[in-house]
Amino acid sequence: MSVLILLIGVSLTVALVFLLAFLWASVSGQYEDDYTPSVRMLFDDTPPSNQKETPSSTSSKK
Amino acid sequence: MSTTTVSTADRPPIEPSHQLETFRYDNTIVRLFLIATTVWGIIGMLVGLIAALQLVYPALSFELPFLTFGRIRPLHTNAVIFAFVGNGIFAGVYYSLQRLCKTRMFSDTLSRINFWGWQLIILSAVLTLPLGITTSKEYAELEWPIDIAITVLWVVFGWNMFGTILKRRERHLYVAIWFYIATFVTVAVLHIVNSFELPIALFKSYSWYAGVQDALVQWWYGHNAVAFFLTTPYLGLMYYFVPKAANRPVYSYRLSIIHFWALIFIYIWAGPHHLLYNTLPNWAQSLGVVFSIMLIAPSWGGMLNGLLTLRGAWDRVREDAVLKFMVVAITCYGMATFEGPMLSLKNVNGIAHFTDWIVAHVHVGGLGWNGFLTFGMLYYLIPRLYQTKLHSRKLANTHFWLGTMGIIFYALPMYWAGFTQSLMWKEFTQEGLLAYPNFLETVEQIRPMYMLRAGGGALYIIGALIMAYNLIKTAYSGTFQREETAQAMPLTKKYQSPKNEHWHRKLFEHRPVLLLVASLVVILIGGLVELIPTFLVKSNVPTISSVQPYTPLELQGRDLYIREGCNNCHSQMIRPFRSETERYGEYAKAGEFVYDHPFLWGSKRTGPDLLRVGGKYPDSWHYHHMYDPESMSPGSIMPPYPWLLEDDLDASNTADKINAMRTLGVPYEPGYEDQALADLNKQSAEIVARLKESGVEVSSEKEIIALIAYLQRLGTDIQVKD
């Protein structure tokens, strides 16, 4: 049964590493630019000429 | 605007050579998948309704083999999962991936192969499952040639997806794309591992694994099929279509990153909660429970993120049918993902497992989360693709209310039926005897609930039909835009990392291949830790010397049991509860199943457990019971199987089957395959003789003889104390 203890031990270590990495990332401000992508996806990139009734105007893009 | 400054700071200064590029999105492929999801959705739901009605009126099988519940039920599950939801995934991915990556799909040819190949696979399922061509493993019933076709098609999909990602014009990979990638990788691994089988003919194979190990692999697959086919791709769709429909950014992008990683890391471990109190090693059961409870956090992270995206837009939810469907979908996701971990607590599972509670649970997820999100997506996309407005908002609202009422009228009766039946199974009299020793009493009690459930399902389907009408009218009122023009800047050749970029983006977001490998590693660690000890640690499956391989006739009978899908209604797993050992006999031992390729534990007791049915009734009882169940069990809802008494058993493949089993490790002696047919004939002659004593005249070639041989063998290897 030693293989069992080994495997569970290894996996828990991996889980812990993941957790610590995420905690470190959050605390040390690594997620500073985690806003732009959520807004960027709202724009449709349709050329201005055949613009549809998309509410968010593409003019604010560039 | 702060967003503008951030996004430009993100990129190196634009060089003069970088011109704005114009390209076109492929909408035709999206439309094809949208039509497919609608058509297959309605067909799959109708098949489900037939199955639901058969549980109230068993005569609805019309004594036709291909209409019996055991064959119809896998058709229903496969149709709604892989045809309805599957096409829904492809539709959403093909639409959103192009726009998120600011590029056309990698290859139009691969897109077309993906579409038509997937429809062919569905068609082959529609043809084979009613014919009884099945592996018996839930949601993986399709036989080996179709399994291979699925693998090839999945690779085509992945190829097309990664090709698109690689030629994208947007450096950052939006969160939805990660969910698609995780879906692709995990489903591929799950499908391949669970489909290891040894073919013995074009449409017959045996699972590579046996008994407990087969069960563990199957539910590792089964649970993660729910996770990575019904959940992660739909979370990806949620992260695209909910912000789009509400026209506001997702509540917390950071939360989406965290809950994505947490979700894929934890989900893969939770499979054993499908096997609580089964003969799975206890440590594996506990591991499954712990990770199932942990799943609440990432699941609710996604649910809250979806709902809170609508903050400040709730007035629009009242008006907009698209948002309405999405809100109910996300709410159902939240309910189902809270209920799931609760159901995986051993004491709750002891009550719920094998009952209709589980059926209610999966339909809150299926009808609510998958169904309603698909409907929301359809109402969002069809008017846009056809450049028009939805034909009728009133009809969409009618659909919404019919669907919502349908879910309620489906789920509540099933919860009621689950509680009722479980309580009746476990009820003892003051003298310590089972209060309801006859299983049929517990079935009779919940039959009205089955009727109500069919009503709820019918409401849901009527809603879907109204939607189909509404969408067709919408399509006719507009013109379809095959190609949609878009413009974006090309990616600069060299990527220059800004100084303060955080590790997550640096590592993963710019390198899809690395992300692919990383998620593969993450999911494999979880799966392997659960699987390897079971294979390696011998004490996990104690061998029992009295357990012998099946005789050739029993083996043939077992394959008939699989063909007729008996495992859809009958378990072969007696849990170590007094209420079960009193009713069915000695509880199941892992060592009893070592020759079971595949395992046939079942997951639902619409009828009683059959693990120790061997020797319980005379041969003639089974003969009459299979011909007309009501003659032996008045009030039974089991359909009749008259063809078993009329059709001859095809015993020509007996030697092949023995050889295959030996390859898989069943200890038939060398050369036994030559003797197998003679043994088979000898045993069937004995059964025919016994039947004759009871006044039943039947030829020894009939299929019923093999099935009786198998049923009478079940559970008899272990001596049960009186």
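The rules we used
Residues numbered from 1 in each chain as written. Chains lettered and ligands numbered in written order. Predicted model: local features only at pLDDT ≥ 70, side-chain atom pairs only at ≥ 80, totals over all residues. Helix = DSSP H or I, 4+ residues; strand = E, 2+ residues; numbered from the N terminus. Buried ≥ 20, exposed ≤ 12 C-beta atoms within 10 Å, placed from the backbone. Rg over C-alpha atoms; globule rule 2.2 N^0.38 Å. Contact = placed C-beta atoms within 7 Å. Core = buried A, V, L, I, M, F, W, Y, C linked by C-beta atoms within 7 Å. Domains from an automatic or database assignment. Nonpolar A, V, L, I, M, F, W, Y, C, P; charged D, E, K, R; others polar. Axes fitted to C-alpha atoms, helices over the stretch in contact; angles between N-to-C directions. Parallel < 35°, antiparallel > 145°, perpendicular 65-115°, else oblique. Left-handed = near helix turned anticlockwise from the far one by under 90°. Expected span 1.5 Å × (residues − 1). Bend = angle between axes of the 7 residues up to and from the residue.

**Student:** Account for the overall build of chain A, naming residues and giving values.
**Tutor:** The number of helices and strands found in chain A is two helices and zero strands. Going through the 62 residues of chain A one by one, you find that 10% of them count as buried.

**Student:** So what's going on with the overall build of chain B? Which residues, and what values?
**Tutor:** The helix and strand inventory of chain B stands at 26 helices and four strands. Here chain B has a C-alpha radius of gyration of 27 Å; the compact-globule value for 722 residues is 27 Å, and the two agree. By its C-alpha atoms, chain B is 95 × 55 × 50 Å across when sized along the principal axes. Looking at the 722 residues of chain B, the share that counts as buried comes to 52%. Of the contacts formed within chain B by residues at least 6 apart in sequence, a portion of 83% connects residues at least 24 apart.

**Student:** Tell me what's going on with the nonpolar core, and back it up with residues and numbers.
**Tutor:** Residue and element names in this part refer to chain B. Ranked by size, the top nonpolar core spans 207 residues in total, and within it Phe33, Tyr94, Ile177, Phe325, Met326, Ala329 and Leu707 carry the most contacts. Both domain 1 (24-491 + 506-529) and domain 2 (552-713) contribute no fewer than three residues apiece to this core. In this structure, Ile177 is in contact with Leu97, Leu100 and Ile165, ignoring residues within four places of it in sequence.

**Student:** Before we move on, could you go through unusual backbone geometry and cite the residues and values that matter?
**Tutor:** Residues and elements named next belong to chain B. At the junction of His597 and Pro598, the peptide bond is cis and its omega measures out at -5° in the coordinates. Even without being a glycine, Tyr277 presents a positive backbone phi close to 65°. Looking at where Tyr277 falls in the secondary structure, it is placed in the loop between α8 (253-267) and α9 (282-294). Although it is not a glycine, Gln387 sits at a positive phi angle of roughly 50°.

**Student:** How would you sum up the domain arrangement of chain B? Please name residues and give values.
**Tutor:** Residue and element names in this part refer to chain B. Looking at the assigned domains, one finds that chain B contains domain 1 (24-491 + 506-529) and domain 2 (552-713). The gap between the C-alpha centroids of domain 1 and domain 2 is 34 Å. The interface of domain 1 with domain 2 comprises 42 residues on the first partner and 49 residues on the second. The set of elements that each furnish at least two residues to the side of domain 1 that touches domain 2 consists of α3 (69-101), β2 (197-201), β3 (204-207), α7 (211-246), α15 (393-426) and α16 (439-477). Residue contributions to the side of domain 1 that touches domain 2 peak at five residues, all from α3. Across the side of domain 1 that touches domain 2, the residue classes tally to 21 nonpolar, 13 polar and eight charged.

**Student:** Give me the lowdown on the packing of helix α10 (residues 296-308) of chain B against helix α12 (residues 321-343) of chain B, citing residues and values where you can.
**Tutor:** Residue and element names in this part refer to chain B. Contact pair α10 / α12: the axes reach a minimum separation of 9 Å and the direction vectors enclose 165°. Considering their axes alone, α10 and α12 lie roughly antiparallel with respect to each other. The two elements α10 and α12 cross, and the hand of that crossing is left-handed. Residues Ile296, Ser299, Trp300, Met303, Gly306 and Leu307 of α10 form the contact with α12, whose participating residues are Ile330, Tyr333, Gly334, Thr337, Phe338 and Pro341. Here the contact of α10 with α12 is composed, by residue class, of eight nonpolar, four polar and no charged.

**Student:** Got a sec to walk through helix α14 (residues 356-385) of chain B? Specific residues and values, please.
**Tutor:** All names here are of chain B. The end-to-end C-alpha distance of α14, which contains 30 residues, comes to 41 Å, matching closely the 44 Å that a straight helix rising 1.5 Å per residue would cover. Of all the bends in α14, the largest measures some 30° and sits at Gly371. Phi turns positive one or two residues past the end of α14, at Gln387, with a value near 50°.

**Student:** I'd love a proper account of α7 of chain B, names of residues and values included.
**Tutor:** All names here are of chain B. Under the 1.5 Å per step criterion, the end-to-end length of α7 is 49 Å for 36 residues, consistent within 8% with the ideal 52 Å. Of all the bends in α7, the greatest, near 30°, is centred on Asn224. Immediately beyond the C-terminal end of α7, within one or two residues, lies Asn247, with a positive phi of roughly 55°.

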